[in-house]
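Structural features, examined
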Amino acid sequence: INAEYMGLDDVFLAKETIAKALKDDLEAEMNQFGFTIIQTLVTDIQPDHTVKTSMNAINAAQRQRVAAVDKGEAEKISVVKQAEADAEAKRLSGVGLAEQRKAVIMGLKESIDSFSQTNKEITQKEAMELLLLNQYFDTMKDMAANSKGSTLFVPHTPNMVKEFGKQVREGVMGPANLTSDPF
């Protein structure tokens, strides 16, 4: 085996083959003089310093490339998991908001029914108007208490609750479904 024409990686892989070929060659020569070669060992292969430097650079570049790919995959997984968590949080927030609105509607219905039953002279529509007025004042009170320095101008007239009720009904049922003014 002529190691001169082998690639460096092949030389490292063929250490035992080279040792056997060296033993065979040495044994053929040394038998003439009465010597017997029992074994040859190739303990170390020393390529040229520039070859070593080049191999080290190649190995370092390969390891850096693998590290970069691994880092990119880890970042990708992190971004995907964060997006999944964000989507789930938004979904749960929507479910919670829907349940909250359902509870508010049920509470309003019970309040109107209860108020109408205890005060027979007041219709459900009038109870609804009173409830809207109460919620309007609660909202105004909350805005004043939690303003944080912002100013909000809300039109405020005696007919505001009536107009507000009309706007709510139009928003829910549409203007075509309002045949008469309930207030």
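Before going into details, it helps to say that this report is about the structure given with it. (Residues numbered from 1 in each chain as written. Predicted model: local features only at pLDDT ≥ 70, side-chain atom pairs only at ≥ 80, totals over all residues. Heavy atoms only, no water.)

Remarks on the overall build of the protein chain
This is how the line gets drawn: A run of H or I in DSSP counts as a helix once it spans at least four residues, and a run of E counts as a strand once it spans at least two, with each numbered from the N terminus. Under the scheme applied here, a residue whose accessible area is under 20% of the maximum for its type counts as buried, over 50% as exposed, and between as partly exposed, the area being computed with a 1.4 Å probe on protein chains only. Any two residues whose heavy atoms approach within 4.5 Å are treated as being in contact.
Helices and strands together make up the secondary structure of the protein chain, namely five helices and zero strands. The secondary structure elements of the protein chain, listed N-terminal to C-terminal, are α-α-α-α-α. Among the 183 residues that make up the protein chain, the fraction classed as buried is 11%. At a minimum sequence separation of 6, the contacts of the protein chain that also span at least 24 residues come to 30%.

Structural notes on the pattern of salt bridges
This is how it is decided: Salt-bridge detection follows one rule: a side-chain nitrogen of Lys or Arg within 4 Å of a carboxyl oxygen of Asp or Glu.
If you walk through the whole model with that rule in mind, you get six salt bridges. A salt bridge links Lys20 to Asp24; the nearest nitrogen and oxygen atoms lie 3.4 Å apart. One end of the pair is Lys20 and the other is Asp24, both in helix H2 (residues 15-30) and four residues apart, which spans about a single turn. For Asp24, a relative accessible area of 35% corresponds to the partly exposed category.

A short note on the packing of helix H3 (residues 49-118) against helix H4 (residues 124-145)
In plain terms, the rule: Angular values range over 0 to 180 degrees, each being the angle between N-to-C directions of two axes fitted as lines to C-alpha atoms, with helices fitted over their stretch in contact. Throughout this description, any angle smaller than 35 degrees is read as roughly parallel, any larger than 145 degrees as roughly antiparallel, any in the 65 to 115 degree range as roughly perpendicular, and the remainder as oblique. Each crossing gets its hand from how the near helix is turned against the far one by less than a right angle, where anticlockwise is left-handed and clockwise is right-handed. Residue polarity is assigned by list, with Asp, Glu, Lys and Arg as charged and Ala, Val, Leu, Ile, Met, Phe, Trp, Tyr, Cys and Pro as nonpolar; anything else, Gly included, falls into the polar class.
Two numbers describe how H3 lies on H4: the axes approach to 9 Å, and their chain directions differ by 125°. The angle between H3 and H4 falls in the class oblique. With respect to the hand of their crossing, H3 and H4 are arranged in right-handed fashion. Contacts between H3 and H4 involve Leu108, Ser111, Ile112, Asp113, Phe115 and Ser116 from the first element and Gln124, Ala127, Met128, Leu130, Leu131 and Gln135 from the second. Split by residue class, the contact of H3 with H4 holds seven nonpolar, four polar and one charged.

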